[in-house]
Each structure stands twice: as structure tokens, then as C-alpha cells.
Amino acid sequence: MTKQKKPQRREEILQALAMMLEQEPGARITTARLAQAVGVSEAALYRHFPSKARMFEGLMDFVEETIFSRFNQIRAEENLGHKDKVEQMLLVVLTFAERNPGMCRLLTGDVLAGEHPRLHEQMNQMFGRIQVQIKQVMQEAQLAKHHAELPPTPAANLLLAVVEGRIQQFVRSRFQRDNAPSKMWNEQWQKLSLLI
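Each chain has its residues counted from 1, following the order in which its sequence is written. The model is predicted, so local features are restricted to residues of pLDDT at least 70 and side-chain atom pairs to those at 80 or more, both for listing and for counting; the totals for chains, interfaces and linings are taken over all residues. Note that the side-chain values use all heavy atoms of the structure and ignore hydrogens as well as water.

Participant: Got a minute to help me understand the overall build of the protein in this structure?
Facilitator: Secondary structure follows DSSP: runs of H or I at least 4 residues long count as helices, runs of E at least 2 residues long count as strands, and numbering of each begins at the N terminus. Helices and strands together make up the secondary structure of the protein, namely nine helices and zero strands. What you see in the protein, going N to C, is helices and strands ordered as α-α-α-α-α-α-α-α-α. Principal-axis analysis of the C-alpha atoms gives the protein an extent of 60 × 35 × 30 Å. Expressed as a percentage of its 196 residues, the buried residues of the protein come to 44%. Pairs at least 24 residues apart make up 68% of the contacts formed inside the protein by residues separated by at least 6 positions. When the accessible surface of the protein is totalled, it reaches about 10700 Å², and 48% of it is carbon and sulfur. For the purpose of charge, His is not counted, nor are the chain termini; Lys and Arg are scored as positive and Asp and Glu as negative. By convention, charge coordinates are those of NZ in Lys, CZ in Arg, CG in Asp, or CD in Glu. Distance between charge centroids for the protein: 4 Å, based on 26 positive and 22 negative side chains. Burial status follows relative accessibility: with a 1.4 Å probe on protein chains alone, a residue under 20% of its type maximum counts as buried, one over 50% as exposed, and anything between as partly exposed. We call two residues in contact when some of their heavy atoms are within 4.5 Å. To measure how exposed things are, a 1.4 Å probe is used in the Shrake-Rupley method; for residues, cover is taken only from the protein chains shown.

Below, the structure written as C-alpha cells:
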């Protein structure tokens with residue numbers, strides 16, 4: 001019974017943290033406020049997570065698991081062309097951000113100001129992995145004799161910069177639907193897809 005309860009409480013803490021990130025854009029998250037939102041003492045929080053940094057790491061692990069498991073499915077899909085794979089991968093990131101506004105503060109590093117440097121490094125590594133996977137699909141396209149406007153490395157970097165910019169605009173607007181990350185994507189993709 002205790003083993004079932006601990007993971008459930010950890011999940012509740014992470015869900016409350018994600019909700020606070022969404023509902024209080026720009027606000028600093030304290031463990032006291034988080035404990036209040038979960039309905040436990042601060043000491044109870046620390047029984048599940050040794051630090052606030054570990055709570056953020058738990059959210060980052062969720063982001064990575066969600067994005068990269070979907071990337072693996074897309075890359076394994078034999079019926080998709082290279083351009084379609086790249087577009088689907090970029091859309092995974094954009095729609096994840098759109099459906100999880102609080103996580104956007106994590107993705108942009110907004111909520112990590114003043115937190116442990118390893119959190120920034122983990123987020124940088126995640127975006128680096130995203131770029132590498134996009135670049136690999138573009139390299140596969142080159143091997144298949146597809147002509148591209150840019151080599152894979154700068155093209156992947158540019159595409160990821162566009163995605164990160166869309167997420168940043170969403171955070172800056174405090175999650176206004178008019179600035180949703182996937183808004184106007186179809187029109188933008190028509191031009192961006194020429195890079196592949």
C-alpha cells in the first residue's frame with residue numbers, strides 16, 4: 001500500500017507544480033506555496049523530492065519522455081517522407097507546448113532563473129537532442145538525393161530556433177491563444193519546408 005501511495009503523491013506534486021507554472025506566469029514558485037497547493041507540509045514535499053530542483057527535473061523527465069517517445073514513432077514510420085517526418089517532429093514540440101502551457105516556462109528557462117545550473121544544462125541537452133534528431137532525418141533525405149536549400153546542421157538549427165521562438169512568444173503573451181505555438185504553422189511550414 002505504501003509503495004502505491006508514494007508514486008501517486010510524487011505525481012500529485014508534479015501536477016500541482018505544472019499547474020502553478022501555468023496559472024501564475026512570471027511568478028516564482030516556492031515550496032511553501034507548492035505544499036499548500038498539494039495540501040501537504042513542506043516536510044512532506046521533501047520526503048518525495050529532496051529539493052525543488054529535483055521537482056523540476058521530474059517535470060523535465062516527463063517532457064523528454066513524451067517528446068522523444070513520439071519522435072521514435074515518427075522516425076520509424078515508413079510511410080512518411082523526410083519532410084513529413086521533420087514537420088511531424090516539430091509539431092510534436094509545438095503541440096506539447098500548446099497543450100502544456102506551464103511546461104513552456106520550463107522549456108524557455110523562464111522558471112529556472114536562480115535555480116541550480118544543472119537544470120539549465122538538462123534543458124539545453126534536451127533541445128540539443130531534438131536538433132540532432134531533426135538533423136539526422138535531413139541527412140537521410142540528403143542520402144536519398146533530395147536537394148536542400150541548406151545543409152542539415154544549419155537547417156535543423158534554424159527550424160528549432162523557429163519552434164523555440166514560437167514557444168517564447170506563447171510564454172511572453174502569458175499563454176494567450178492568439179499566440180499559440182501551432183497557430184499559423186501551416187503557412188509558415190510551406191516556406192520552412194523548402195529548407196529540407
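That was the structure; now back to the text.
Participant: Could you clarify how one ought to interpret the environment of glutamate 164 in this entry?
Facilitator: Among the structural elements, glutamate 164 can be located in helix α8 (residues 152–172). The class of glutamate 164 is partly exposed, set by a relative accessible area of 33%.

Participant: Would you mind showing me how to read the packing of aromatic side chains here?
Facilitator: Between two aromatic rings, the relevant description is the distance of the centres plus the angle of the planes. Each Phe, Tyr or Trp ring, with Trp reduced to its six-membered ring, pairs with another whose centre is within 6.5 Å; inter-plane angles below 30 degrees give stacked pairs, above 60 give edge-to-face pairs, and intermediate values give tilted ones. This structure, assessed with the given rule, holds four aromatic pairs. Look at phenylalanine 62 and phenylalanine 96: their rings are 6.0 Å apart centre to centre, the planes differ by 50°, and that puts the pair in the tilted class. A residue pair is termed long-range when its members are at least 10 positions apart, and phenylalanine 62 in helix α4 (residues 52–76) and phenylalanine 96 in helix α5 (residues 82–99) qualify at 34 residues. Consider the rings of phenylalanine 170 and phenylalanine 175, whose centres lie 5.4 Å apart with planes at 65°: the pair is edge-to-face. In this structure, arginine 10 packs its charged tip against the face of phenylalanine 49, placed 4.3 Å from the ring centre. Criterion for a charge above a ring: Arg CZ or Lys NZ at most 6 Å from the ring centre, at most 35 degrees from the ring normal. Here the guanidinium or amino end of arginine 129 rests over the ring plane of phenylalanine 68, the centre of that ring lying 3.7 Å away.

Participant: Can you help me understand the environment of leucine 91 in this one?
Facilitator: By the secondary structure assignment, leucine 91 is in helix α5. Sequence separation between leucine 91 and aspartate 110 is 19 residues; the distance between their C-alpha atoms is 22 Å.

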